[in-house]
Amino acid sequence: MMPETNNKSADEPIGTATDIDHADRLLRRLVWDVSAIGFSILRMAELLGRRAGLTGSQWLLIKAVDFLADRDGVPVGEVAALLNMKGSFVSAQIRPLEQRGLLIRTQSAEDRRVILLSLTGSARQTLARVEDEMCRIEEIARGTLVDHHVGELSDSVNTMRRRMDRATARVARID
């Protein structure tokens, strides 16, 4: 195994503009890689949704409810937060899904202001039709990563997501 080399001269101190440029470049690469992953996920959602007669956004919404929901359902706000969408957009997507018999909207027994979403049997059948394909997609995405590495990667990406949310809020204030 070759020792790791570094392109800096021995006289160059750590923390120089070269180090910062390299760190900035790595961060930009990470942002582009995560963006590319996001676009791939959106494309898959469009393709899988189309098979069920849904838009990509509707497919993601159903998958998010499936992921988050307990037996009583999941608050609309949690679905919106997971998908990083405005609650009003999620609400607009809910109506056609309700009309098609895929989602049920109920009021929380604990807080009448909270609307809970849950999947219908029809939605579960829709998801079951592509379950084998979803498992293959997840196997491809996982590759050789073991659970421990998937957990670490997920934690790091989640941290990055929160930071990007703060950065987005800052850009919104500048605008």
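Above this text sits the structure in question.
Just so it is clear, the structure is predicted and the values come from calculations on it, not from any experiment. (Residues numbered from 1 in each chain as written. Predicted model: local features only at pLDDT ≥ 70, side-chain atom pairs only at ≥ 80, totals over all residues. Heavy atoms only, no water.)

So, the layout of surface pockets
As a reminder of what qualifies: Think of a 1 Å grid over the protein atoms and nothing else: a 1.4 Å probe that fits but is trapped marks a cavity, an open set flanked by protein within 12 Å on at least five of seven lines marks a pocket, and residues with an atom within 4 Å of a point count as lining. Grid points are joined across faces, edges and corners, and a volume is the space filled by probe spheres set on the points. Per the convention used, a helix needs a DSSP run of H or I reaching at least four residues, while a strand needs a run of E reaching at least two, with both numbered from the N terminus. Any residue that is not Ala, Val, Leu, Ile, Met, Phe, Trp, Tyr, Cys, Pro, Asp, Glu, Lys or Arg is counted as polar, Gly included; the first ten are nonpolar and the last four charged.
Here the largest pocket is characterised by a volume of approximately 2300 Å³. Lining the largest pocket are 40 residues, and of these Ile37, Gly38, Ile41, Val157 and Arg161 lie nearest its centre. Examining the composition of the lining of the largest pocket, we find that 12 residues originate from one element, helix H1 (residues 17-51), more than from any other. Of the residues that constitute the lining of the largest pocket, the class distribution is 26 nonpolar, six polar and eight charged. As a volume, the second largest pocket reaches approximately 210 Å³. Taken together, Asp70, Asp72, Gly73, Pro75, Glu78, Ser108, Ala109, Glu110, Val114 and Leu116 form the lining of the second largest pocket. When its residues are assigned to classes, the lining of the second largest pocket shows four nonpolar, two polar and four charged.

Examining the pairing of strand E3 (residues 115-119)
Quick reminder of the rule: With a 1.4 Å probe rolled over the protein chains alone, any residue whose accessible area is under 20% of its type maximum counts as buried; one over 50% counts as exposed, and the rest are partly exposed. Strands are labelled as partners when DSSP assigns at least two bridges between them.
The buried count for E3 comes to four of five residues, which makes it a mostly enclosed element. Across two bridges, the pairing between strand E1 (residues 74-75) and E3 is antiparallel. Across the sheet, Pro75 pairs through a bridge with Leu116, a residue of E3. Two elements, strand E2 (residues 103-107) and E3, share five bridges in a ladder whose sense is antiparallel.

A short note on the pattern of salt bridges
In plain terms, the rule: The salt bridge criterion pairs a side-chain nitrogen of Lys or Arg with a carboxyl oxygen of Asp or Glu, the two atoms within 4 Å.
A complete count under the given rule lists six salt bridges for this structure. For Asp33, the salt bridge identified is with Arg29, shortest N-O distance 3.0 Å. On the criterion of helical spacing, the pair formed by Asp33 and Arg29 is a turn pair, its members being four residues apart in helix H1. Since its relative accessible area comes to 34%, Asp33 is described here as partly exposed. One salt bridge connects Arg113 with Asp111, and the closest N-O pair in it is separated by 2.9 Å. Under the relative-accessibility criterion, Arg113 is labelled exposed at 72%.

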